[in-house]
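# Fold and geometry: a report
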Amino acid sequence: MRTTPRVVIIGAGIVGANLADELTARGWNRVTVLDQGPLPLTGGSTSHAPGLVYQTSPSKTMTAFAGYTVEKLLGLEGEGAPCFNQVGGLEVATTPERLADLHRKQGWTASWGLPGEVVGPEECARLHPLLDPEQVLGGLHTPTDGLASAARAVVALARRAEARGAEFRGSARVTGISHTDGRVTGVRTDDGEVPADIVVSCAGFWGQVVGDMVGMRVPLLPLAHQYVRTGQVPELTGRNDGGTDARLPILRHQDRDLYYREHHDCLGIGSYAHRPMPVRVSELPGTETGPTESAMPSMLPFTEEDFAASWEHSRTLLPGLREAKVESGFNGVMSFTPDGGPLIGESPSVSGFWIAEAVWVTHSAGVARSVAQLLVDGRSELDLHGCNVHRFDEIETTEEYVRETAQQNFVEVYDVLHPLQPKLSPRELRVSPFHARQKELGAVFLPSHGWERPHWYEANAALVKELPPAWQPPSRDAWSAMFHSPVVAAEAWRTRTAVALYDMTPLKRIEVGGPGAVALLERLTSGKMDKSVGSVTYTLALDEAGGVRSDLTVARLERDLFQVGANSNIDLDHFRREAPADGSVRLRDITGGTCCVGVWGPRARDLVQPLSEDDFSHEGLKFFRCKSARIAGIPVTAMRLSYVGELGWEIYTGAEYGPKLWDVLWRAGQEHGVIAAGRGAFNSLRLEKGYRSWGADMTTEHNPYEAGVGFAVRPKNKGAFTGREALEGLGEDTVTRRLTCLTVDDGRSVVLGHEPVFLDGEPAGYVTSAAFGHTVGRPIAYAWLPAVPVGTSVEIQYFGRRVRATVAAEPLFDPEMTRIRR
């Protein structure tokens, strides 16, 4: 019989119980679940969770997590009662902005394969008779949503896991994590040590405390959230006889940050409308002695004054509450993170210590399944980059950053947020050496991982009047016009016709050095790495199933020194885990200590060559080659790359030289019409060239041939590499789905991403990236669709209306690559 690892799960709430169930279902029967509280209600967030499960999200992964939670709990019973009541969901709009947003959300339901319909006020009132139809403009009805009985599910899951060999221990306070030589060996409790090969912390808002035991930062903040129960509501009397506690759909009134559910003949009301109330775990009741039946750490005293306005708003929306009273309430503790996503992953320093934190009941079973797949199979069937705890850069894990951003996420949890909506604070945490010059040029910055990134420059506004007729951008609807400017068209035009400077500093750069560097990169990437010094290679990092873990640009600077252009901190974490333990590979994040300016456009060589004695001709530095050089005496590394499809280079130097480099290029470029250009133009130009954006256009859920990057897989040129076996027999002719280039037929309707795409009137896929193509003169969208021929007509649903589009051959611009190679 196969011996499986000893797994200790810390936390017996809905996530821990689900994980024990998922692991034991896969044959891992040596599972111990520990909790400091009494079983089954241990005092964590599960103990008070109202159980609303709304599946729809802008994230495909989060929607899939919720969908699996519904599927699993529908098939689960506890003591003869179901663990999920599929009453459906209803989100109502009381403002035109919210109603428009509900149409956008309905698009997500179509994109991710869920039923959903925007309905009028009368239908809202029919679905939920307590509603005053005069108060609403419409609603989104999602019939497969409903109520999870979290406490009942925990008991049922624990019993099922125990029947397969798992053990649950209550009143077991964890006091430490034992580890030797960088690997976990056990969990220390106040009742002795439990040996372990793998430890998974599912401790919820105690996650930071457990993470601290191995020196792992867990970027979450416990916050209190109000929940009340009313007294008897006359309209509900007698509705829920026969064993169920709810028949009406769960209801969200997001314009007032409120939600509602039935409790027999009473109503439960949750509110996010109050001030953020951060909680110190050390001050929670039962922290010193452990939770008890009478001391629930997750249920704090109700602050009535914080609920007063919400009660009045509730009585306006639901007139039946005017005769009711608030009978009871509490401030329930839950976890928030800097970006609102869960935290999944393994400690960077203690192998075998994992976390699954900041997970709500809605996503609990889905997260548990993915964690179980990671542990048992080595990969999740769902893309987890938006949940990976290592997605954050160091500044984003500091206590100050987490505290501020998590509270802001609480405030905005029900807000209508644009995909590009920036944080107003904290700002200017990370700026490139060019920042002062960019501000002088009127840069409009949008932040990413703490970096200030210019999206356009107001100094270029006068150029809009100079645009040729074919380049004039169309007017936009209010939504797609947000965080956008017609200046973007002018910046794209100047890039195509003259020369532009792009600040590429925020893109992650990893230095890989040492005698084992070549072997490591050969093993982790799909292309040949053992090439001549000066070579630059676009390549892929794959997982064992051939999914695209990341795309990378690898430059060989010296025999044993490489610079890797990566996507995020997840890549650095992956490299560190895979590096040999013998010290033959040195890894260093050099992003903050270096800077990069992209000099691109047909006049790029005219600008750069007079500043250097080094040869910047085509023969002197060919495409996908790099070399050390000096520009006006400044030591640089020039890479002949272009993600906008024009002649030029990425020019790297130390951060201390950055201001001087910018000034030199700027002064010399004046006679050539140089401008500074931002991410808005960059995104438009890269889509015209068909260049992919990892995380948006492709993830681990896609293989290279489906994603259109099969050219980066070179098995004939190298030996074994991760994902090689999985790709055997696959190719361009085997794909049944494809990342597809679409152009919008009307020439003006700009979509933004995540919209559903219809083929023959049926939902068939979704948009990943989109922008107006200023060179080609029409909107571009990339979408995952069944493999269909060029010329196929499709429709994109945008805020409830259908926009016709056509499958196009790619790239749309310069397919012969003549401009980039001259």
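Figured I'd write up the structure that's included with this text.

The rules behind the values
- The residue numbers shown here count from 1 along each chain, following its written sequence.
- The model is predicted, so local features are restricted to residues of pLDDT at least 70 and side-chain atom pairs to those at 80 or more, both for listing and for counting; the totals for chains, interfaces and linings are taken over all residues.
- The side-chain quantities take in all heavy atoms of the structure and omit both hydrogens and water.
- All axes are obtained by fitting lines to C-alpha atoms, using only the stretch in contact for helices, and the reported angles, taken between N-to-C directions, cover 0 to 180 degrees.
- Strands here are runs of E lasting at least two residues and helices are runs of H or I lasting at least four, both read from the DSSP assignment and numbered beginning at the N terminus.
- It is the rotation of the near helix from the far one that decides the hand of a crossing: anticlockwise by less than a right angle makes it left-handed, clockwise makes it right-handed.
- Residues count as neighbours in contact if any of their non-hydrogen atoms are within 4.5 Å of one another.
- Ten residue types, Ala, Val, Leu, Ile, Met, Phe, Trp, Tyr, Cys and Pro, are classed as nonpolar, four, Asp, Glu, Lys and Arg, as charged, and the remainder, Gly among them, as polar.
- We count a salt bridge whenever a side-chain nitrogen from Lys or Arg sits within 4 Å of a carboxyl oxygen from Asp or Glu.
- Relative accessibility decides the category of a residue: with a 1.4 Å probe and only protein chains considered, values under 20% of the type maximum give buried, values over 50% give exposed, and everything between is partly exposed.
- Criterion used throughout: strands pair if DSSP finds at least two bridges between them.
- Geometry of aromatic contacts follows a simple scheme: Phe, Tyr and Trp rings, the Trp one being its six-membered ring, pair when their centres are within 6.5 Å, and the pair is stacked under 30 degrees between planes, edge-to-face over 60, tilted otherwise.
- Whether a charge sits over a ring depends on NZ of Lys or CZ of Arg being within 6 Å of the ring centre and within 35 degrees of the ring normal.

Quick look at the packing of helix 13 (residues 517-524) against helix 14 (residues 569-578) now. For the pair helix 13 and helix 14, the least separation of the axes is 11 Å and the interaxial angle reads 115 degrees. As for how helix 13 packs across helix 14, the hand of that crossing is right-handed. Residue-level contacts link L520, L521, R523 and L524 of helix 13 to H574, F575 and E578 of helix 14. Along the lines of polarity and charge, the residues of the contact of helix 13 with helix 14 split into four nonpolar, one polar and two charged.

The next point concerns the pattern of salt bridges. Tallying each qualifying case throughout the model produces 45 salt bridges. Across the pair R6 and D197 runs a salt bridge whose closest N-O atoms are separated by 3.0 Å. Here D197 lies in the loop between strand 14 (192-195) and strand 15 (198-201) and R6 lies in the segment before strand 1 (7-10), a separation of 191 residues in the sequence. The exposure class of R6 is partly exposed, given its relative accessible area of 31%. Between K718 and E522 there is a salt bridge, and its shortest N-O distance comes to 3.4 Å. Linking K718 in the loop between helix 17 (679-688) and helix 18 (724-727) with E522 in helix 13, this pair joins segments that are 196 residues apart in sequence. Three or more residues joined by partner-sharing salt bridges are found here, namely D21, E22, R26, K72, R160 and R164.

An order of 3-10-6 is seen for the three strands of this open sheet, with the pairing classed as antiparallel. Looking at which strands have only one partner, the edges of the open sheet turn out to be strand 3 (52-53) and strand 6 (84-85). As paired strands, strand 6 and strand 10 (residues 146-148) are joined by two bridges and run antiparallel to one another. Along strand 10, the bridge assignment pairs N85 with L147.

We now examine the pairing of strand 38 (residues 756-759). Judged by which residues are buried, strand 38 turns out to be covered on both faces: P756 and F758 on one side and V757 and L759 on the other are all buried. In the sheet, strand 38 pairs with strand 39 (residues 762-773) via four bridges, with the strands oriented antiparallel. Bridged to V757 within strand 39 is G765. Between strand 38 and strand 39, which pair antiparallel and follow one another directly, the connecting turn spans two residues, one of which, D760, has a positive phi of 55 degrees. Summarising the sheet, strand 38 and strand 41 (residues 793-798) pair through two bridges and their orientation is antiparallel. Within strand 41, the residue paired with F758 across the bridge is E795.

Turning our attention to the environment of I14. Tracing the backbone shows I14 in helix 1 (residues 14-25). Under the relative-accessibility criterion, I14 is labelled buried at 3%. Sequence-wise, I14 and V154 are 140 residues apart; in three dimensions their C-alpha atoms are separated by 5.6 Å. Contact partners of I14, with chain neighbours within four places excluded, come to T46, A150, A153, V154, L157, V361 and S364.

Overall, mixed pairing links the nine strands, which are arranged 8-9-7-17-18-19-16-21-20 in an open sheet. Strand pairing shows two members of the sheet lacking a second neighbour, strand 8 (117-119) and strand 20 (299-301), which therefore form its edges. Within this sheet the neighbouring strands show an average axis-to-axis angle of 25 degrees, counted without direction. Bridge count between strand 7 (residues 89-93) and strand 17 (residues 250-253): three bridges; the pairing is parallel. Opposite G89, over in strand 17, you have I250 as the bridge partner. Taken strand by strand, helix 9 (residues 399-411) contacts strand 16 (221-230) and strand 21 (326-336), and its axis lies near 25 degrees from that of strand 16.

Let us now look at the environment of H141. By the element assignment, H141 lies in strand 9 (residues 138-142). Note on H141: relative accessible area 16%, which makes it buried. Along the backbone, H141 and V119 are 22 residues apart, and their C-alpha atoms lie at a distance of 7.0 Å. In contact with H141, other than residues within four places in its own chain, are G89, L90, P115, G116, E117 and L127.

Right, let's talk about the packing of aromatic side chains for a bit. Inspection of the entire model under this criterion finds 21 aromatic pairs. On the basis of an interplanar angle of 80 degrees and a centroid distance of 4.9 Å, the ring pair of Y798 and F799 is categorised as edge-to-face. Overall, Y798 belongs to the buried group, its relative accessible area being 4%. Residue F799 is classed as partly exposed on the basis of its relative accessible area, which comes to 24%. One aromatic cluster is present, built from ring pairs that chain together Y227, Y259, Y272, F330, F336, W360, F410 and Y414. Over the face of the ring belonging to Y68 we find R369, whose NZ or CZ atom lies 3.9 Å from the ring centre. Between the NZ or CZ atom of R496 and the centre of the ring of F813, over which it lies, the distance is 3.8 Å.

Read these as layout, nothing more, since geometry by itself doesn't imply function.
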